[in-house]
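Each chain, written out:
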Amino acid sequence: VLQGVDLQCRINNYSHRTEEMDAEQLVVRRGQPFFLLLQCTEGPPQPPDHQLALVLHLGKKDEVVVRVSGSRAAHGQWWFSEQTAQSEVLLSVHSPADAPVGLYNLTVLLLSAEGHIMEKTTPHSFFLLYNPWCPEDSVYMPDEDLLQEYILNENGILYQGSWDQITSLPWNFGQFEKGVVDICFEILDNSPAALKNSQMDISNRADAVYVSRTITAMVNANDDRGVVSGRWDGEYGDGVAPTRWTGSVPILRRWSEGGAERVRYGQCWVFSAVACTILRCLGIPTRCVTNYSSAHDTDGNISVDYLFNEQLENVSQGRKDMIWNFHSWVESWMSREDLPKGYDGWQVLDPTPQERSDGVFCCGPCPVRAVREGEVAMKYDAPFVFSEVNADLICWIVHPDGNRTQASLNSWTVGRNISTKSVHGEYREDITAEYKYPEGSMKEREVYEKAGKKLAKQNGAPSQLHLSIKHAQAVHGTDFDVIVEVHNVGGEDTLAHLTVMSNAVTYNSLHRGECQRKTAELTVPARKAHKEVIRLLYDHYGACISEHHLIRVTALLQTSGPHNIILQEVNIPLKMPKLHIKVIGEAVVSRKLTAIISLTNPLPVTLRRGVFTVEGAGLTEEQQIHSPGEIGPGQYVAVKFSFKPIRAGLRKLLVDFDSDRLRDVKGEATIIVQKKKL
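1. Looking at the packing of aromatic side chains
To describe a pair of aromatic rings, one takes the distance between the centres and the angle between the planes.
For step 1, the next point in the chain: For the coordinates displayed, the defined rule picks out 22 aromatic pairs.
For step 2, the next point in the chain: Ring geometry for Tyr150 versus Trp346: centroids 5.1 Å apart, planes at 90°, classification edge-to-face. With Tyr150 in helix α2 (residues 144-150) and Trp346 in strand β18 (residues 345-349), the pair connects residues that are 196 residues apart, well separated along the chain.
For step 3, the next point in the chain: Overall, the relative accessible area of 11% leaves Trp346 in the buried class.
For step 4, the next point in the chain: Ring-pair connections join several aromatic residues into one group, and the members of that group are Trp232, Trp269, Phe271, Tyr292, Trp324, Phe326 and Tyr507.
For step 5, the next point in the chain: One residue, Arg280, lies across the ring of Phe173, its end atom 4.8 Å from the ring centre.

2. Regarding empty space enclosed by the protein
For step 1, the next point in the chain: One pass over the structure, following the stated rule, counts four cavities of 30 Å³ or more.
For step 2, the next point in the chain: Here the largest cavity is characterised by a volume of approximately 60 Å³.
For step 3, the next point in the chain: Lining of the largest cavity is provided by Glu149, Tyr150, Gly156, Ile157, Phe173, Arg280, Arg287, Cys288, Thr420 and Lys421.
For step 4, the next point in the chain: Elements with a minimum of two residues in the lining of the largest cavity: α2, β11 (155-162), β15 (286-296) and β22 (416-421).
For step 5, the next point in the chain: Estimates place the volume of the second largest cavity at around 50 Å³.
For step 6, the next point in the chain: Around the second largest cavity, the lining residues are Val240, Arg244, Trp245, Arg254, Thr613, Glu622 and Gln624.
For step 7, the next point in the chain: Its residues placed into classes, the lining of the second largest cavity shows two nonpolar, two polar and three charged.

3. Section: the side chain of Ser248
For step 1, the next point in the chain: Its place among the elements puts Ser248 in the loop between β13 (228-230) and α7 (249-257).
For step 2, the next point in the chain: For Ser248, a relative accessible area of 0% puts it in the buried group.
For step 3, the next point in the chain: Side-chain polar atoms of Ser248 contact the side chain of Trp171, separated by 2.9 Å.
For step 4, the next point in the chain: Of the polar contacts made by the side chain of Ser248, one reaches the side chain of Thr277; its length is 2.8 Å.
For step 5, the next point in the chain: The contacts of Ser248, once residues within four sequence positions are left out, are Trp171, Asn172, Phe173, Ala273, Val274 and Thr277.

4. Structural notes on the sheet that holds strand β34 (residues 620-626)
For step 1, the next point in the chain: Read across the open sheet, the four strands follow the order β34-β33-β36-β37; overall the sheet is antiparallel. Strand pairing shows two members of the sheet lacking a second neighbour, β34 and β37 (665-673), which therefore form its edges. Going across the sheet, the axis of each strand differs from the next one's by a mean of 15°, ignoring polarity.
For step 2, the next point in the chain: With five bridges joining them, strand β33 (residues 611-616) and β34 adopt antiparallel strand pairing. Residue Thr613 lies in a different strand from β34, and its bridge partner there is Gln624.

Thresholds applied
- Residues numbered from 1 in each chain as written.
- Predicted model: local features only at pLDDT ≥ 70, side-chain atom pairs only at ≥ 80, totals over all residues.
- Heavy atoms only, no water.
- Phe/Tyr/Trp six-rings, centres within 6.5 Å; stacked < 30°, edge-to-face > 60°.
- Helix = DSSP H or I, 4+ residues; strand = E, 2+ residues; numbered from the N terminus.
- Buried < 20%, exposed > 50% of the residue type's maximum accessible area, 1.4 Å probe, protein only.
- Lys NZ or Arg CZ within 6 Å of the ring centre and 35° of its normal.
- 1 Å grid on protein atoms, 1.4 Å probe; cavity = no way out; pocket = protein on both sides within 12 Å on 5 of 7 lines; lining within 4 Å.
- Points joined across faces, edges and corners; volume = space filled by probe spheres on them.
- Nonpolar A, V, L, I, M, F, W, Y, C, P; charged D, E, K, R; others polar.
- Polar contact = N/O pair within 3.5 Å; in protein donor to acceptor, adjacent residues only side chain to side chain.
- Contact = heavy atoms within 4.5 Å.
- Pairing = 2+ DSSP bridges.
- Axes fitted to C-alpha atoms, helices over the stretch in contact; angles between N-to-C directions.

Okay, here's the thing in structure tokens:
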């Protein structure tokens, strides 16, 4: 009697907002009905002689079996209803809003009046995802504008640079690209919990807290068969430099095609962007967040301690506390039934392997509200996140006899300009106020006390000398000036010893080499300022500059008074050239389109081994184009490549250029792709 099942993929996927993912595979969201068409050879089965039943299997070994009730079931159960027409039956299948997400197999059974199986169809598979459009789902988000961004937007912006010079990096999340949903569940299947007890893990996948925490552990490859291997030392020869990636899809595909072999290499923004792709794909509203001057407090004392000797060399031992120029994580939106009331909403999830949590390198979900209120006992990892945005920076000078002097204390350095992409366009939204009360406010002090943070005090009276560092726009490849000013606000001339040094550093404060150093003995007249100019030469910084193009200038002023040391530091991101992309022709699905990518070498040196990498969700898979020969100083170079757009709509083409001396040059083009004309 039963001939076959039509899963109505196009209609269902469209109504479940997954039509971009796949036209041939059924992908539906929980808590919302979907429709199947059952074809019969004769008329449809008539009760009471015959009745239909549905059975679902979940898991590679069918660990979980669900019998779908043929009448409206109790809350939290699967059920279906049927409508007959000639030789077809339209089945309307209802899933509970707390069903486990995953790849299900569905079989339709024909039962006799006694309930014996007379016939069954071949199994058909479908994916079930979280449903942020469904009010009963734990990830429900009531605002359509937010869902357009945090679930459906495949393009995004990651914020980098430093707090006073924020730069943006376009990123291709590509959560609806072909096969990505399969890879997301493959990642969950490879987690230690799934490999140890798959039945329990599958049941736990109903819970977004459990799944999001698993993803933060699985995106880094530190403990398990995770996706990306982190590396920060500049040695990337056996993999891809973290700065070269422009999207998550090539990373996820490499991991899957390599049999769950870790992909080399990532740094914080790569981990957060890959996590964002996976979580959006699974149906959990997610956004990438950047915290500037982010503290990595290894000993949990909510302060970052920098130790220098009298020659201004860093003498911190072992695992150092650090301040990263910026640090990226994600926030996901969900309710927290596991916590007291009031902690629903945005949760911090940090997949970068920094500290262990419950023995594993993962972090979160931690409610953003718990961070702001200093509720450091809230699950998960609230003390670490609190420290990232609130730690004090204390600089110490270690004297030859081993004694140390507190050189400076700064309680407003850490946790600035916390940023995410706006839902209203391609610009930055500042969300610092969601993480902390205004610096210096009474409320901030209360939160510190609640979090057990000692209110640090400056030693004694303030100094009469003030130190500041200014610089012009610094362009990579050019020489530029840095001006160190010493202001004497007191009524007496003052003697001082000034040391200024510049170092090439990475975004997370690893030193790659000293560029220049200058010392001077000064007499600063009363109520006047002394200016010291340091010219930074490309000849000095060009050879040791990191892939993040950052120069840190540190100034140390020593006087003979009791508070005799002042320390000031600035991070200078060097301005990078942009790639120019010109698209020729009309963009139509499946019709060939040509792009010309061009670059002018801004450096006074020749570039070798130049390569352009191109990708774009809905446009083209990752492609590499080698630059024709060497590129001399100031030389213009252009390369051409062709592709056929895959999906209609507003699309972004992202390009990266890499060579021996110039890396991480980016460009983007927005393309509106038309549907195929019939």
